[in-house]
Amino acid sequence: MTKFSPLVEYKATQGQYQLLPFKFEPLDDHDVVITNYVGEFAFISREDLETTLSKKLDPNSKIYSLLRSRHFIKENGDEASIELLGLKTRTKYSNLRNFTNLHIFVVTLRCDHSCQYCQVSRQSENKVAFDMTIDMAEKALAIVFRSPNPAIKIEFQGGEPLLNFDLVKHIVLSAKEINETQNRDLQFVITSTLTLVTDEILLFCKAHKVYLSTSLDGPEDLHNRNRPRPGRDSYERFVEGLERTRGVLGFDAVSALMTTSPASLTRAKDIVDEYLRHGFDGIFFRHLSPYGFAIKTKSYGAYNVDRWLKFYEEGLDYIIELNKQGVRFTEQFAALMLTKMLTSNDPGYVDLMNPSGAGIAAVVFNYDGDIYASDESRMLREMDDTTFKIGNLFTSSYEDVFTNEVLLGALEDSFTLSAPMCSDCAFEPWCGADPVYHHAMHGDVLGRKPESEFCKRIMGVVKLLLERMKSDPQVKTIFMRWANRC
Amino acid sequence: MLMLSGRVVRKSDVLSDIKEPRLYSLSTNPYLPLPLRGKKAFLARDSSPVPTGFGHYFVLPSASSEGFPPDKTTGLGLEFDYFGDGDVVSLLPDGRIRSLFRANSNHNSILLTEQCNHYCLMCSQPPKRVDDSWLLTEAFEAIKMMPRETKEIGFTGGEPTIYGDDFIKLLHHTKSWLPQTSLHVLSNGRAFADEAFSKAYAQVEHPDLMVGIPIYSADASVHDYVVQSKGAFDETVRGVLNLKRYGQRVEIRVVIHKQTCEGLSELANFISRNLLFVDQVALMGLEHIGFARANIDSLWVDPIEYKDQLSEAVKILTSYGVRTAVYNHPLCLVNSDVLPVYVKSISDWKNEFAKECEPCLRKSECGGFFSSGIRNGYSQSITPFL
């Protein structure tokens, strides 16, 4: 019948398309990954890239169809693609509007552990010198509730926060009281080794819905080696504390983090197995940060990014294998990256945001009453660098803290869309700014990207993730599931 | 298969004079209180005494025609034996009768027009370029006659939104007369690219309204080709965005055939990346009727051949948390990973099984076939579960 027109009638004529903004990065000799401003991507050959750029792409080809539907090219009259790109950009940055969510209270620097890589903690009985006071806590809470964010998370850190649990209790109760009229979505988390948990502490946590975040570095020998405490029983006490905590608060009310020490590097599989054994459904492979004791004890310099990436790859591949065998287990850093790569939602991961999350997504109230832009900022302070001190609880107003020139300057100067080598990096849509790290290592908030270990680490992880999903559709399915967990 | 319209056996003389269709709400209750009878038509199925006072009488062959007032009586053939209490029918001047609403069915769709600005390759209701706005007038009437407790009705076409403001008026009217009834509209979505129209639609503030909009491919050219209209994809997507901007519920409907099955997973990616906020995605098999028969060579693909693409699309959509449903597919032609979203959906009046299905043990779980598929050809891969 002639009343129907053939497909070709609905195709554009050759060379009629326009390029939308995109960037690319070679993956191997043959292929590149191209990304647009909202983090959508496609794998194409170098040859197709060149054809695309010279506007010689055949409108009947699959690649043309793919690039048009993923908003890398548009035809005259395509208004929806521009509208969608705008919508996705707004969605990506929508968290900024809410401003600060995470408020970290360093209630004490004292700790029962003396971990080599720890950034800050002290073995001391001197409460006066290293504990936050009630007065400071009250002032900090006043600042917390000035945040316009409808969701507020208060995280207790240390040292070991359970050594100053009376103050934790006071802050939880006061915050809840204030919240009776504020009606925020209020969450509490205590970062603890769990070695000091008691039933009394747990019952309080249960009554006030306080979650616990803990550390598990791997099997007993590794954990005890990384995390020494008097009696060398860190692991034993962790296991006991974990069971006790889960028994009272519920199985999923405890999450664990690991830190990669030099001794961890050959143990990726053992570490994952240890997490499995304890019933965790995921792990966060954390590299060492160049702050505090990590630098003093030289453990930071004990391995470089390439070595860590090798460890990460080994761990990730083992976790992928587990998933293929039907075990649902996530590598959480990958999951955060994949949320950025595979969805239009931003996971709100404070350490990888643009503009940087320092000060605006998270803020730290230190034990001594000073206010810092991030957890790393207060660790720098323990190395006598107070650059990112943005206020003091006794002398600064809310406005002083958040319009502090040091903070705003650092955010602006490190903004990835205008930072040299970031702005034209294909992975920029998935990355973030880290002014504190670059200041610490390179002496300015921008840093020197070719030498930046931060940059190397993120690019390494991203390339690994891209490579794995490119070569194995089953991995893509697993990654899609991880991406939608956040 | 039920006959939804047909010729009446005999109509009274008075009726032959009517110029306009007349709508009747049927009652089978001879004891209906008198005040209620005037507005109702009595449906006589047996030879019980004739109740008086009804506005009209329809007589099935199983009833004797004795005793009915001749000026208000219409005889019906056996094919209308399924008529029942609460049904709404329309008697036309040319002596045909149409069922507009069946009270015991959950699949009531009101055809508002046969006009459309698309000309889809597989259209089951080929568009006509005639003024059929009497259908809209009829819909306004029919809504008033439907039982207040009706769970769900649909508005379909053609393209219902071609009426513009009058379509919005119908929505207001339906909300007023059937406030408890879910309303599902089938539209190609293009009218909603006009923000003012989307706004007017949203301002109806209907408590339970969903619009089903087709997007056939992530490739705009393929979509435009399937609906035979250049620029359709762009306008439809912008329509969906406007609807969601105004907080309206949208279902994306995908008919799977030879032109669309290959791009199914890329379409799932597109939806997950761009339209994650839609309320539901329906992946549907082809109905062998209307234009689909004329274009069968360019449309027909045995569902067994795209079952992996279907699985992949379902996997993507469900991973992203999109509510997904697979409609109009025989159970034996889909992979088992599709089952969590598999729906028995073909409207009761057009659902049948093939002869191969007779020994199948899972017929009660199966979506079966469109009657049109049974008549006009279906998959050779049907395998009964034994």
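Please refer to the structure placed before this passage.
Predicted model only: the values in this text are computed from it and were never measured.

**Considering the overall build of chain A**
- Of the regular secondary structure elements, chain A holds 20 helices and 16 strands.
- In summary, chain A has a C-alpha radius of gyration of 24 Å against a globular reference of 23 Å for 486 residues, a match within 12%.
- With respect to the three principal axes, the spread of C-alpha positions in chain A is 85 × 50 × 45 Å.
- Counting over 486 residues, chain A shows a buried share of 58%.
- A separation of at least 24 residues holds for 70% of the contacts in chain A among residues at least 6 apart in sequence.
- When the 56 basic and 67 acidic side-chain charges of chain A are each reduced to a single mean position, those positions are 3 Å apart.

**Structural notes on the sheet that holds strand 3 (residues 31-36) of chain A**
Residues and elements named next belong to chain A.
- With respect to topology, 3 strands assemble into an open sheet ordered 2-3-4, the strand pairing being antiparallel. In this open sheet, the two edge strands, each paired with only one partner strand, are strand 2 (22-26) and strand 4 (41-45). Averaged over neighbouring strand pairs, the angle between their axes works out to 30 degrees when direction is ignored.
- Strands in contact with helix 1 (residues 46-53) are strand 2, strand 3 and strand 4; relative to strand 4, the strand with the most contacts, it is inclined by about 105 degrees.

**Some thoughts on a negative patch on the surface**
- A cluster of like negative charges, contributed by Glu-405, Glu-412, Asp-413 and Asp-444 of chain A, occupies part of the molecular surface.
- Mapped onto the secondary structure, Glu-412 of chain A falls in helix 17 (residues 405-414).

**A word on the pairing of strand 12 (residues 209-214) of chain B**
Residues and elements named next belong to chain B.
- Along strand 12, 6 of the 6 residues are buried, which leaves the element largely enclosed by surrounding structure.
- Neither face of strand 12 is left uncovered, since the one carrying Leu-209, Val-211 and Ile-213 and the one carrying Met-210, Gly-212 and Pro-214 both have all their residues buried.
- Two strands pair when backbone bridges link them, and strand 11 (residues 182-186) and strand 12 are joined in this way by 4 bridges, in the parallel orientation. Paired with Leu-183 across the strands is Leu-209, a residue of strand 12.
- Note on the crossover from strand 11 through helix 4 (residues 195-203) to strand 12: the handedness is right-handed.
- Two strands pair when backbone bridges link them, and strand 12 and strand 13 (residues 249-255) are joined in this way by 5 bridges, in the parallel orientation. The partner of Ile-213 across the bridge, within strand 13, is Ile-252.

What counts, and at which threshold
- Residues numbered from 1 in each chain as written.
- Chains lettered and ligands numbered in written order.
- Predicted model: local features only at pLDDT ≥ 70, side-chain atom pairs only at ≥ 80, totals over all residues.
- Heavy atoms only, no water.
- Helix = DSSP H or I, 4+ residues; strand = E, 2+ residues; numbered from the N terminus.
- Rg over C-alpha atoms; globule rule 2.2 N^0.38 Å.
- Buried < 20%, exposed > 50% of the residue type's maximum accessible area, 1.4 Å probe, protein only.
- Contact = heavy atoms within 4.5 Å.
- Lys, Arg positive; Asp, Glu negative; His and termini not counted.
- Charge placed at Lys NZ, Arg CZ, Asp CG, Glu CD.
- Pairing = 2+ DSSP bridges.
- Axes fitted to C-alpha atoms, helices over the stretch in contact; angles between N-to-C directions.
- Patch = residues over 30% accessible without salt bridge, like charges linked within 9 Å, V, L, I, M, F, W, Y side chains within 5 Å.
- Areas by Shrake-Rupley, 256 points an atom, 1.4 Å probe, with all protein chains shown as cover.
- Salt bridge = Lys/Arg side-chain N within 4 Å of Asp/Glu carboxyl O.
- Right-handed = clockwise from strand over helix to strand, strands pointing away.

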